[in-house]
Every structure is written in structure tokens, then in C-alpha cells.
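Notes for the structure review
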Amino acid sequence: MSDFSSLGLSDWLIQQCKQMGINKPTPVQENCLPAILQGRDCMGCAKTGSGKTAAFVLPVLQKLSEDPYGIFCLVLTPTRELAYQIAEQFRVLGKPLALRDCIIVGGMDMVTQALELSKKPHIVVATPGRLADHIRSSNTFNMKQIRFLILDEADRLLEQGCTDFTKDLEVILSVVPAKRQTLLFSATLTDTLQELKSIAMNKPFFWESKSEVRTVEELDQRYILTPEKVKDAYLVHLIQKFQDEHEDWSIIIFTNTCKNCQILMMMLREFDFPAVSLHSMMKQKQRFANLAKFKSGVFKILIATDVAARGLDIPTVQVVINHNTPGLPKIYIHRVGRTARAGRHGVSLTLVTQYDIHLVQAIEGQIQAKLQEYSVEESEVLKILTQVNVTRRECEIKLESTDFDEKKEINKRKAMILEGKDPDLEQKRREELEKIRNKRKKFKQRIHESIQKKQDAIKRKPQKKKRLLQEEGSSHQSHETGE
Ligand SMILES: Nc1ncnc2c1ncn2[C@@H]1O[C@H](COP(=O)(O)OP(=O)(O)OP(=O)(O)O)[C@@H](O)[C@H]1O
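Definitions and cut-offs
- Residues numbered from 1 in each chain as written.
- Predicted model: local features only at pLDDT ≥ 70, side-chain atom pairs only at ≥ 80, totals over all residues.
- Heavy atoms only, no water.
- UniProt positions renumbered as here; feature names shortened; annotations may be inferred.
- Near = heavy atom within 4 Å.
- Polar contact = N/O pair within 3.5 Å; in protein donor to acceptor, adjacent residues only side chain to side chain.
- Areas by Shrake-Rupley, 256 points an atom, 1.4 Å probe, with all protein chains shown as cover.
- 1 Å grid on protein atoms, 1.4 Å probe; cavity = no way out; pocket = protein on both sides within 12 Å on 5 of 7 lines; lining within 4 Å.
- Sits in = over half its atoms within 2 Å of the grid points.
- Nonpolar A, V, L, I, M, F, W, Y, C, P; charged D, E, K, R; others polar.
- Domains from an automatic or database assignment.
- Helix = DSSP H or I, 4+ residues; strand = E, 2+ residues; numbered from the N terminus.
- Expected span 1.5 Å × (residues − 1).
- Bend = angle between axes of the 7 residues up to and from the residue.
- Buried < 20%, exposed > 50% of the residue type's maximum accessible area, 1.4 Å probe, protein only.
- Pairing = 2+ DSSP bridges.
- Contact = heavy atoms within 4.5 Å.
- Axes fitted to C-alpha atoms, helices over the stretch in contact; angles between N-to-C directions.
- Points joined across faces, edges and corners; volume = space filled by probe spheres on them.
- Salt bridge = Lys/Arg side-chain N within 4 Å of Asp/Glu carboxyl O.
- pLDDT = per-residue confidence, 0-100.

Under an unreviewed UniProt entry, the name given to the protein chain is Probable ATP-dependent RNA helicase DDX49, and the organism recorded is Paramormyrops kingsleyae. For the protein chain, the Catalytic activity (unreviewed entry) comment in UniProt is given as "ATP + H2O = ADP + phosphate + H(+)". Quoted straight from UniProt, the Subcellular location (unreviewed entry) entry for the protein chain says "Nucleus, Nucleolus".

**Topic: the site of the ligand**
Taken together, 19 residues surround the ligand, and among them Lys-24, Lys-52, Thr-53, Asp-313 and Arg-341 come closest. Lys-52 places a polar side-chain atom, nitrogen or oxygen, 2.7 Å from an oxygen atom of the ligand. Take Asp-313: an N or O atom from its side chain is 2.5 Å from an oxygen atom of the ligand. Burial of the ligand by the protein amounts to 89% of the accessible area it has alone, namely 640 Å². Comparing atom positions with the cavity grids shows the ligand to sit within the second largest pocket. Among the residues making up the shell around the ligand, the classes are represented as three nonpolar, nine polar and seven charged. The residues that make up the shell around the ligand include at least three from each of domain 1 (5–208) and domain 2 (219–417).

**Observations regarding helix H15 (residues 378–400)**
Along its 23 residues, H15 runs 32 Å from first to last C-alpha, staying within 8% of the 33 Å computed at 1.5 Å per residue. In the structure, H15 departs most strongly from a straight axis at Leu-385, where the bend amounts to approximately 45°. Three or more residues of H15 are buried, namely Val-381, Leu-385, Val-388, Thr-391, Arg-392, Cys-395, Glu-396 and Leu-399.

**Describing the sheet that holds strand S12 (residues 319–322)**
Ordered by their spatial adjacency, seven strands build an open sheet running S10-S11-S9-S12-S13-S8-S14, and the pairing between neighbours is parallel. For this open sheet the edge positions go to strand S10 (275–278) and strand S14 (372–373), each flanked by a neighbour on one side alone. As paired strands, strand S9 (residues 251–254) and strand S11 (residues 301–304) are joined by four bridges and run parallel to one another. Across the sheet, Phe-254 pairs through a bridge with Ala-304, a residue of S11. Sitting on the sheet, helix H12 (residues 284–295) touches S9, S10 and S11, and the angle it makes with S10 is about 140°.

**Notes on the pairing of strand S8 (residues 219–225)**
When S8 meets strand S13 (residues 346–352), the two strands line up parallel, connected through seven bridges. Bridging from a neighbouring strand, Gln-221 pairs with Ser-348 of S13. Examined bridge by bridge, S8 and S14 share two bridges and lie parallel to one another. Looking at the pairing, Tyr-223 lines up with Glu-373 of S14.

**Looking at the layout of surface pockets**
In this structure, the second largest pocket occupies an estimated 1200 Å³ of space. In terms of lining, the second largest pocket is formed by 42 residues, of which the most central are Gly-49, Ser-50, Gly-51, Asp-313 and Ala-342. Among the elements of the structure, helix H2 (27–37), helix H3 (52–66) and helix H4 (80–93) are those that each provide at least two residues to the lining of the second largest pocket. Along the lines of polarity and charge, the residues of the lining of the second largest pocket split into 16 nonpolar, 14 polar and 12 charged. Residue assignment places the lining of the second largest pocket across two domains, with domain 1 (5–208) and domain 2 (219–417) each supplying three or more.

**Looking at the sheet that holds strand S4 (residues 123–126)**
Within the open sheet, the seven strands sit side by side as S3-S4-S2-S5-S6-S1-S7. Their pairing is parallel. Edge strands, defined here as strands with exactly one partner in the open sheet, are strand S3 (101–104) and strand S7 (205–208). Recorded for the sheet is a direction-independent mean angle of 10° between the axes of neighbouring strands. Sheet analysis places strand S1 (residues 42–45) next to strand S6 (residues 181–186), joined by four bridges and oriented parallel. Directly across from Cys-45, in S6, lies its bridge partner Ser-186. Contacts from H3 reach S1, strand S2 (73–76), S4, strand S5 (148–152) and S6 within the one sheet, and its direction differs from that of S6 by about 160°.

**A short note on the pattern of salt bridges**
Applying the stated criterion across every chain, the model contains 22 salt bridges. Residue Asp-101 is joined to Arg-91 by a salt bridge in which the shortest nitrogen-to-oxygen separation is 2.8 Å. With a gap of 10 residues between them, Asp-101 in strand S3 and Arg-91 in helix H4 connect regions that are remote in the sequence. Residue Asp-101 is classed as buried on the basis of its relative accessible area of 17%. Given the relative accessible area of 41%, Arg-91 is considered partly exposed.

**Observations regarding the confidence of the model for the protein chain**
Per-residue confidence for the protein chain averages 90 on the pLDDT scale, and 91% of its residues sit at or above 70. In the predicted structure, residues 476–483 sits below a pLDDT of 50 and forms one contact with residues beyond four places in sequence or in another chain. Both scores are available for the predicted complex, with the pTM at 0.84 and the ipTM at 0.99.

In C-alpha cells:
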């Protein structure tokens, strides 16, 4: 394996790496660093926790030190927390440069951000939505000179998931120069390769880690088969077990909705577990505060939606629990990748109901590995089942008495207004669509019922015939026997 110096990295950066415990390049760094330093576009696909961030931060810092100006580099990333984490890596590794960076994410003050942008920072790290807002509304900065455009978690930025970044990306791509170096990184690039190639147009250097298994070797991947109603009891039991057996422990629990996340947090606190939550219905300041509490080890449990599934680098996390089986293998890969990072060991536990078995099969197909069953003393789980379910119900009632659902509705309306839609018209449109859907459903049901009736009648016919023949036969016989 080469060292950083043979890859062309400057001594001052090698010293900075050493201070961070980064002594030898990881494969993604070893392969992508020289290509980026040569000025090539680059697409890097490597497993979670394999050092992709430093693979782009280091060459950008080196090039910046040779020709420092602002705005030199723009990094786009799907979540706000990730933007802060990336900016921190730039700051730490780029300390000798007196680096000026600026973080542009939603949920924070827009005027302050506009002011920072106008001061021409070297590095801008942004989520696409907020940066596009600044581009649309301000002329106090421009991105005409940027040398590097980086898309971290690039496949997510191009996907049309629940947050669709594609329109904002178009706005951003329209203001950055065509002559630039584009760097795209993720642990799951392959299914968006074609779209990515249209962004990194300059014959990109493509590197993908060779191993067949898409998750890291150090990760012990387990599942627990459970009925839906027993899931929470399993969760409480598992956490209790980790708490009893380990002195130093730290767990991330992923769940599917903001509401579920909130309820689970309340429920675990009722059992005196030190838990905090992270989801998109929370105020941004609370999100940062909760993440900081978890990172510092004051709170040992983070319950999150998929907003925390990608990129977050918290070395102390030993266990990831999937409270729901992820619907997409890709999401599974990122979620479980929050543990077993940078060569450390970790465990992932996925709670699977009988309806999720096909999802597990899809995950196994994609990661090229089998999940192993995790054995649990069921009698121990059953002992706490009623208490856990009652506590959950109490938490649900408590949450219903707050304005949580109302807030969700308000947030939805706000998002629509920002998209230029009229929320009331949208509501009417949705109701109309629902009516049409229901009519179609009823129509289909009626057709299905009438087909069913006809089929039953056809089935009955030969039986009727047979019965008549049998009756005829027996009356014939009885005539013959004189009965
Ligand atoms: N060469 C190295 N040697 C040791 N540790 C490293 C090295 N490079 C990076 N690290 C550390 O590895 C950890 C994971 O790195 P990073 O967050 O960049 O992973 P990633 O590949 O981006 O993961 P993900 O796909 O989950 O975003 C970080 O704490 C980082 O400081």
C-alpha cells in the first residue's frame, strides 16, 4: 500500500492527517487522490466509513493552498448535519491555511448566510434547497469561478426521494462554470451512474471498491423475526441487555416516521434510558443540540429517521437497530454503515415482521451477504410485553395531546408555499383524486365480485348436473329394488 507522500500529497497536509490519526491512505484515498490532484473529474464508490470525505477534502486543500481564492470549492450534501460534519473536516485538515468556510443549510438564518457568502469564503458546504434559494434571491455572490464542485452522497442528491433535490440542483448547475473539476462520492453510486456522468462530463476517473459484499467485514449483521406488536418489547429488551453487558455503549435506532421516532424516544425515556431523537419535524437548533448530546456520550441512544442514515461519522456507535426493515437495500446499507466505521467492529440488528421477509431477501441480494438470526430469550421479552405496550400507548396519547400532527400539517403547507403551490387548492386536488381513486376501487371491486359470482355459478353447474344424475340414478335403483 502506498503512503500519502507517494500519492503526491504535500508535507503540511500529511502532518495534518497525522494529527487526526490518519497515517495510511485507505483504498478510496489511494486510488482517487492522485486522479484528483492531476485535475481529473472523479467518481468514487466505496463502503461506508472508508474515508471518502478525506479523499476529496485533502486534494481540494492542496490545490487551494497553491492558488487561494473564494469561492474555490462548493460541496453539496443531502442533510444539514452532514454539511456541518464536512465543513469541520475542511477546517481541521485545512487549519494552517486560515481557511474560511461557510455552511449554507435550511433552518438557519438566511440573512447571516447571505452576508457570509458575500465575503467570498474559500469553501461553501451546502444543502441544495437553501443554496438554490440564495442563488434565486441574491446577487451579492457568484459561483462563476469555482474550481471544484463536489457532490457527497451523490446518488441521494440525484434521486427523487421524499426530498427531491433535482430542481435545486438544476439551479445550482446553471451558475457554476462548465470548466471545473467535479467529484462525486457515495457508498452506493452504481444505480445512478448515467445521471452522474452527465454532471461529471470530463471523462471522469471512476473507482469502485472491488469486494462483492457491499457492507464492511467488521459488521456483524443480524435479524430478529418478531410480530409487529412485540417489536417494542424486543427493542426495550435489547437496549437493557446492552446496558447491562457493556460499560461503554452507544446505539442508533432507525425508524420510519418522525412521529414514530418521537414516540419511541418518549417511551424509552419512560424506561429511564438516556435517549434523544433526530428527525425533520424538529427545529434545526434542537437537531444540532441532540446530535451533540449523543456525540458527547451524555445520551447513549439516538433515535432517528433516515435523515441520519447517511454520512454521519460517530466512531463510538457500536450498534445500529433497525426498528423497521428498510424498504430499500440502499437505505439499509447506509443505516448499518453508521457503525463498524474505519476498521472498528459493530453490530446491526434488524427487526423483521412476517410481512418484511421479502425486504430482507432484497437486502441480502443487494449486499451479497446473509443476515444471521440473533437469538433472544423470548420469555424475557414476553415478561415485559404488556408493560411496554401500555407505556407506548400512553406516549401516543401524550403526543396526540400536543400539536405534533398540527405542526406536521403546517410544515407541509409551508413547503407547498415555498414550491409556489396553493395549499388549499392542493388539498382540494388531493380530495378529488382520492374520490376518483375510491370510485375506481369500488368499480373494480364490483367487477371482481360479478366475475367471481359467474365463476362460482360455472363451478356449481357440473356439480348440480352430477347431483341430479345421482338422484336420478338412486331413484332408478330404488325402483329396481322396490324400496
Ligand atoms: N486513512 C485513514 N486512516 C484512518 N482513519 C481514517 C482515514 N481516512 C479517514 N479516516 C476516518 O474514518 C472515519 C470515516 O470516514 P468518512 O466519514 O470519510 O467515511 P465515508 O467513507 O465518507 O463514510 P459514509 O459512506 O458513511 O459517508 C472518519 O472518522 C475519518 O476521520
